[in-house]
Amino acid sequence: MHDNLIPDSTLVSNYIKGNEASLEILIKRHQQRLYSFIYSKVKDKDITEDIFQDTFIKVIRTLKRGSYNEEGKFLPWVVRIAHNLVIDYFRKSNRLPTFKNTEEFDIFSVLGDGSLNAEKRIIKDQIHADVRELIKELPEEQKQVLVMRIYNDMSFNEISENTGVSINTALGRMRYALINLRKLIEKNKIILVN
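Rules behind the numbers
Residues take numbers from 1 onward in each chain, read along the sequence in its written order. With the structure being a predicted model, the display of local features is reserved for residues of pLDDT at least 70 and the display and counting of side-chain atom pairs for 80 or more, all residues being used for whole-chain, interface and lining totals. Processing note: side-chain calculations cover all non-hydrogen atoms of the structure and skip hydrogens and water entirely. Strands here are runs of E lasting at least two residues and helices are runs of H or I lasting at least four, both read from the DSSP assignment and numbered beginning at the N terminus. Think of it in three bands: with a 1.4 Å probe and only protein chains considered, a residue is buried below 20% of the maximum accessible area for its type, exposed above 50%, and partly exposed in between. Working rule for contacts: check all heavy atoms of both residues, and any pair within 4.5 Å makes them a contact. For the accessible areas, the method is Shrake-Rupley and the probe is 1.4 Å, while residue cover comes only from the protein chains on display. For helices, the fitted line uses only the C-alpha atoms of the stretch in contact; every axis is such a line through C-alpha atoms, and the angle between N-to-C directions lies from 0 to 180 degrees. These descriptions rest on fixed angle ranges, namely under 35 degrees for roughly parallel, over 145 for roughly antiparallel, 65 to 115 for roughly perpendicular, and the rest for oblique. Gly is put with the polar residues, along with every residue not named as nonpolar or charged; the nonpolar set is Ala, Val, Leu, Ile, Met, Phe, Trp, Tyr, Cys and Pro, and the charged set is Asp, Glu, Lys and Arg. One speaks of a salt bridge when a side-chain nitrogen belonging to Lys or Arg is within 4 Å of a carboxyl oxygen belonging to Asp or Glu. To obtain the bend at a residue, axes are fitted to the seven residues ending there and to the seven starting there, and the angle between these axes is taken. Counted as a polar contact is a pair of N or O atoms within 3.5 Å, where, for protein atoms, one must be capable of donating a hydrogen and the other of accepting one, and residues adjacent in sequence contribute only when both atoms are in side chains. Put simply, a crossing is left-handed when the front helix is turned counterclockwise from the back one by less than a right angle, and right-handed when it is turned clockwise. Confidence scores per residue from the predictor, reported as pLDDT, run from 0 to 100. In summary, the pairing rule links any two rings of Phe, Tyr or Trp, Trp by its six-membered ring, whose centres are within 6.5 Å, and it sorts them by plane angle into stacked for under 30 degrees, edge-to-face for over 60 and tilted for everything else. Counted as over-ring charges are cases with an Arg CZ or a Lys NZ within 6 Å of the ring centre that also lie within 35 degrees of the ring normal. Here the nonpolar core consists of buried residues drawn from Ala, Val, Leu, Ile, Met, Phe, Trp, Tyr and Cys, with membership extended through side-chain atoms lying within 4.5 Å.

We now examine the overall build of the protein chain. Assigned secondary structure in the protein chain consists of 10 helices and zero strands. Ordered by position from N to C terminus, the α and β elements of the protein chain give α-α-α-α-α-α-α-α-α-α. Across the 194 residues of the protein chain, 45% fall into the buried class. Of the contacts formed within the protein chain by residues at least 6 apart in sequence, a portion of 60% connects residues at least 24 apart. By element, 51% of the accessible surface of the protein chain is carried by carbon and sulfur atoms, the whole surface being about 11,100 Å².

Their axes nearest at 8 Å, the elements helix 7 (residues 140–151) and helix 9 (residues 167–187) cross at an angle of 95 degrees. Of the possible angle classes, the one that applies to helix 7 and helix 9 is roughly perpendicular. Contacts from Glu141, Gln142, Val145, Leu146, Arg149 and Ile150 of helix 7 reach helix 9 at Ala170, Arg173, Met174, Tyr176, Ala177, Leu178, Asn180 and Leu181. When its residues are assigned to classes, the contact of helix 7 with helix 9 shows nine nonpolar, two polar and three charged.

Turning our eyes to something else, we now look at the pattern of salt bridges. Considering all chains together, one arrives at six salt bridges under this definition. Taking the shortest distance from any N to any O, the salt bridge between Glu20 and Lys64 comes out at 3.2 Å. Remark: Lys64 occurs in helix 3 (residues 45–65) and Glu20 occurs in helix 2 (residues 20–42); sequence separation between them is 44 residues. According to the relative accessible area criterion, Glu20 is partly exposed, its value standing at 36%. Look at Lys64 and you get exposed, because its relative accessible area is 55%.

All right, on to helix 2 then. Along helix 2, the helix axis deviates most sharply at Gln31, where the bend reaches about 55 degrees. Listed as buried for helix 2 are Ser22, Leu23, Glu24, Ile25, Leu26, Ile27, His30, Gln31, Leu34, Phe37, Ile38 and Val42. Put simply, Asn19 is the residue that caps the front of helix 2, since its side-chain oxygen is 3.0 Å from the backbone nitrogen of Ala21. Once helix 2 ends, the next one or two residues include Lys43, with phi positive near 55 degrees.

At their nearest, the axes of helix 1 (residues 8–16) and helix 2 sit 7 Å apart, and the two run at 145 degrees to each other. The chirality of how helix 1 crosses helix 2 is left-handed. Note on element contacts: helix 2 touches helix 1 through Glu20, Ser22, Leu23, Ile25, Leu26, Arg29 and His30, opposite Asp8, Leu11, Val12, Asn14 and Tyr15. Grouping the amino acids of the contact of helix 1 with helix 2 by side-chain chemistry returns six nonpolar, three polar and three charged.

Below, the discussion takes up the confidence of the model for the protein chain. In the predicted model, the protein chain carries a mean pLDDT of 78, and the fraction of residues at 70 or more is 75%. Low pLDDT (under 50) marks residues 96–114, which in the prediction has 49 contacts with non-local residues, meaning those over four places away or in another chain.

The next thing to look at is the packing of aromatic side chains. In the structure shown here, the tally under the stated rule is five aromatic pairs. Summarising the aromatic geometry, the rings of Phe52 and Phe56 are spaced 5.2 Å apart at their centres and angled 55 degrees between planes, so their arrangement reads as tilted. Taken together, the positions of Phe52 and Phe56, both in helix 3 and four residues apart, correspond to about one turn of that helix. Take Phe52: its relative accessible area is 10%, and that puts it in the buried class. Residue Phe56 is classed as buried on the basis of its relative accessible area, which comes to 0%. Clustering of aromatic rings is evident, with ring pairs tying together Tyr35, Phe52 and Phe56. A cation sits over an aromatic face here: Arg175 above Tyr176, 4.9 Å from the ring centre.

Attention now goes to the nonpolar core. In terms of nonpolar packing, the biggest core is built from 51 residues, with Ile38, Val59 and Leu146 touching the most fellow members. Only helix 1, helix 2, helix 3, helix 4 (74–91), helix 6 (118–135), helix 7, helix 8 (156–163) and helix 9 provide two or more residues apiece to this core. In terms of residue count, helix 9 provides more of this core than any other element does, nine residues in total. Those residues in contact with Leu146 that sit more than four places away from it in its chain are Ile135, Leu138, Tyr151, Met174, Ala177, Leu178 and Leu181.

In structure tokens:
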């Protein structure tokens, strides 16, 4: 059966049963409409890309947890998730900076610390240096995706093509890389702020 002929509901249940490729088809099938929807709200390419990524991380989590309601239509459900994330984005009084195409990246945007005091600003350079060291401790696959996304400003489509893994896998690796990086930063907090 051709990919386009498989209904969303079948792809969703196949993915829940462990067929990773099914999610890939769903993402590709709906990415244009979803991307356009998010972009129409936030009017920024980088923020759209981030919310798109977060939407599918949430989709993956919900499907893996088995708490997806089979009766609902997949696309409207995904759009609702994206819409809620757009609302969350606008609710944040200190909007987190998005990652730009730059050699440096702002770890505070990863940590969600939007209100740096003067003392923290002074030590920011040192923290950047320390964080670059911490990134080296990440598992190779996670480090690769993090560097491609943040340092090279690559989209998840490009990362998928470059690494030969699915978009789903690239999203998962990015999520774990950020989780592990946060843990490393917590563990090394004393070094970072002294």
